[in-house]
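# Reading the structure
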Amino acid sequence: MRINRKTLQHVGIHAILIIALIAVAFPIYYAFTMATHTHQDAYAFPPILTPGDQFVPNVLEAWRRVDMGVVLNNSLIIAVLVSIGKIVFSVLAAFAFTHFKFKGSWFLFPLCMVTQMMPLPIRVIPLYQTMANLGWLNTYKALTIPYLASTTGIILFRQFYMTVPEELADAARVDGASPMQYLRSILIPLSWTNIAALLVIEFVYMWNEYLWPNIVTTASDMRVAQMGLRMLYTSERGAAEWNIIMAGTLVIMLPPLIVLILFRKQFAQGIAMQTTK
């Protein structure tokens, strides 16, 4: 019996996808399994791959050690403020670049592109000095305002607005709509998938941010989730308590996972729209 080439291709693709799924899912499963065991069982060899009965005690211990409620609340506030702020500024900037002609526009957009090539570590020292001079250390201002400008968001919305037919703007102008009314009533409703995609990207990015919060905050009530996770590595036993660390890791993973699940459809559509342009 001959197997046609198309069937072999489907089998091969599905095999690759299954292998990729296992490679991604197994570390998460192993983290969950380790979070359900005692300290001694976490160091067992060979590793125990079946869940235990210590998950709730381990989560409660991780919560107590780093004051998990405070760090989760701080990360949530920062991630939400930065995500919404980036979307607002990106939409307005992209709208200006695509629908207005002003002096210096030919220079400003390439300048925005250049900033994309400058990672945060390069800007840490002058940015920290600026925050210190303004008296913003250990505040939400220092943790959010430096992130509000987003070259990625500007490019994302600019590329989309360039595909919108100019006839829509002309029709809105004939109907007496102002530029902001046109943006609010037509462009933003058309941009929901892009907005959702950027929201997910920025929320996850800010939730995982560690370097900058570690630099500009020293107060215990301003710690973020990743700083709390780092604190779990400090153990009175000397050896890292991986069961506690993994329990804390799973708790910290939940908020971005929930956001991704809620906006998964719009996120996938937004990314697909950009890759097909």
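Above: the structure in question.
Quick look at the structure, then. As the structure is a computational prediction, the values presented were derived from the model and not from experiment.

### Topic: helix 10 (residues 179-190)
- Between the first and last C-alpha of helix 10 there are 15 Å, a value that for 12 residues agrees with the 16 Å anticipated at 1.5 Å per step.
- Lining the buried residues of helix 10 we find helix 4 (68-99), helix 8 (151-161) and helix 9 (166-174).

### Observations regarding unusual backbone geometry
- The omega torsion across phenylalanine 45 and proline 46 is 0 degrees, close enough to zero to call that bond cis.
- The backbone of aspartate 67 shows a phi angle near 50 degrees, a positive value even though the residue is not glycine.
- Residue placement: aspartate 67 occurs in the loop between helix 3 (55-66) and helix 4.
- Located in the positive-phi region is asparagine 138, a residue other than glycine, with phi close to 60 degrees.

### With respect to the pattern of salt bridges
- Counted under the stated rule, the structure contains 5 salt bridges.
- Residues glutamate 61 and arginine 65 are paired through a salt bridge, measuring 2.8 Å at the closest nitrogen-oxygen approach. Here glutamate 61 pairs with arginine 65, and both are found in helix 3, just 4 residues apart, close to one helical turn.

### Considerations on the packing of helix 9 against helix 10
- Two numbers describe how helix 9 lies on helix 10: the axes approach to 10 Å, and their chain directions differ by 155 degrees. Comparing the axis directions of helix 9 and helix 10 gives the class roughly antiparallel. Between helix 9 and helix 10 lies a crossing of right-handed hand. Touching Leu168, Ala169 and Ala172 of helix 9 are Tyr182, Ile186 and Leu190, all from helix 10.
- Grouping the amino acids of the contact of helix 9 with helix 10 by side-chain chemistry returns 6 nonpolar, no polar and no charged.

### Thoughts on the packing of helix 11 (residues 192-207) against helix 14 (residues 242-262)
- Running from N to C, helix 11 and helix 14 point in directions that differ by 175 degrees, and their axes come no closer than 9 Å. Considering their axes alone, helix 11 and helix 14 lie roughly antiparallel with respect to each other. Here helix 11 contributes Val200, Phe203, Val204 and Trp207 to the contact with helix 14, which in turn contributes Ile252, Pro255, Pro256, Val259 and Leu260.
- Among the residues making up the contact of helix 11 with helix 14, the classes are represented as 9 nonpolar, no polar and no charged.

### A few points about the packing of aromatic side chains
- One pass over the structure, following the stated rule, counts 8 aromatic pairs.
- For the ring pair phenylalanine 32 and phenylalanine 55, a centre distance of 5.5 Å and an interplane angle of 50 degrees mean the geometry is tilted. Highlighted residues: phenylalanine 32 in helix 1 (residues 5-35) and phenylalanine 55 in helix 3, separated in sequence by 23 residues.
- On the accessibility criterion, phenylalanine 32 (33% relative accessible area) is partly exposed.
- Note on tyrosine 233 and tryptophan 242: the rings are 5.6 Å apart at their centroids and 90 degrees apart in plane angle, and the pair reads as edge-to-face.

### Points about a nonpolar patch on the surface
- Taken together, the side chains of Ile18, Ile22, Phe26, Tyr29, Phe32, Leu49, Phe55, Val56 and Leu60 make up a nonpolar region of the molecular surface, amounting to roughly 830 Å² of accessible area.
- Counting residues per element, the ones that place at least two in the nonpolar patch are helix 1 and helix 3.
- The dominant element in the nonpolar patch, judged by the number of residues it contributes, is helix 1, at 5 residues.
- Examined against the element boundaries, isoleucine 18 turns out to sit in helix 1.

### A look at the environment of valine 56
- Checked against the element boundaries, valine 56 lands in helix 3.
- Judged by relative accessible area, valine 56 falls into the exposed class, the value being 54%.
- Along the backbone, valine 56 and tryptophan 136 are 80 residues apart, and their C-alpha atoms lie at a distance of 38 Å.

Calculation criteria
Residue numbers run consecutively from 1 along every chain, following the written order of its sequence. Under the rules for a predicted model, residues below a pLDDT of 70 receive no local features and side-chain atom pairs below 80 are neither given nor counted, while totals for whole chains, interfaces and linings still include all residues. With hydrogens and water stripped out, all remaining heavy atoms of the structure feed into the side-chain values. Numbered from the N terminus, helices here are DSSP runs of H or I no shorter than four residues, and strands are runs of E no shorter than two. Expected helix span is taken as 1.5 Å per residue step, with the number of steps being one fewer than the number of residues. Any two residues whose heavy atoms approach within 4.5 Å at even a single point are treated as in contact. The term salt bridge refers to a pairing of a side-chain nitrogen on Lys or Arg with a carboxyl oxygen on Asp or Glu at a separation within 4 Å. Fitted lines through C-alpha atoms give the axes, limited to the stretch in contact for helices. The angle between two N-to-C directions lies from 0 to 180 degrees. Reported orientations rely on four angle classes, namely roughly parallel under 35 degrees, roughly antiparallel over 145, roughly perpendicular from 65 to 115, and oblique for the rest. Left-handed describes a crossing whose near helix is turned anticlockwise from the far helix through less than a right angle; right-handed describes the clockwise counterpart. Under the convention adopted here, Pro, Cys and the residues Ala, Val, Leu, Ile, Met, Phe, Trp and Tyr are nonpolar, Asp, Glu, Lys and Arg are charged, and Gly plus all remaining residues are polar. The criterion for an aromatic pair is that two Phe, Tyr or Trp rings (for Trp, the six-membered ring) have centres within 6.5 Å, with stacked assigned to planes under 30 degrees apart, edge-to-face to planes over 60 apart and tilted to the rest. The buried label goes to any residue with under 20% of its type's maximum accessible area, the exposed label to any with over 50%, and the partly exposed label to all in between, with areas taken from a 1.4 Å probe on protein chains only. Patch membership requires over 30% relative accessible area and the absence of a salt bridge. Like charges are linked within 9 Å, and nonpolar side chains (Val, Leu, Ile, Met, Phe, Trp, Tyr) within 5 Å. Method for areas: the Shrake-Rupley scheme with a 1.4 Å probe, in which residue coverage is limited to the protein chains shown.

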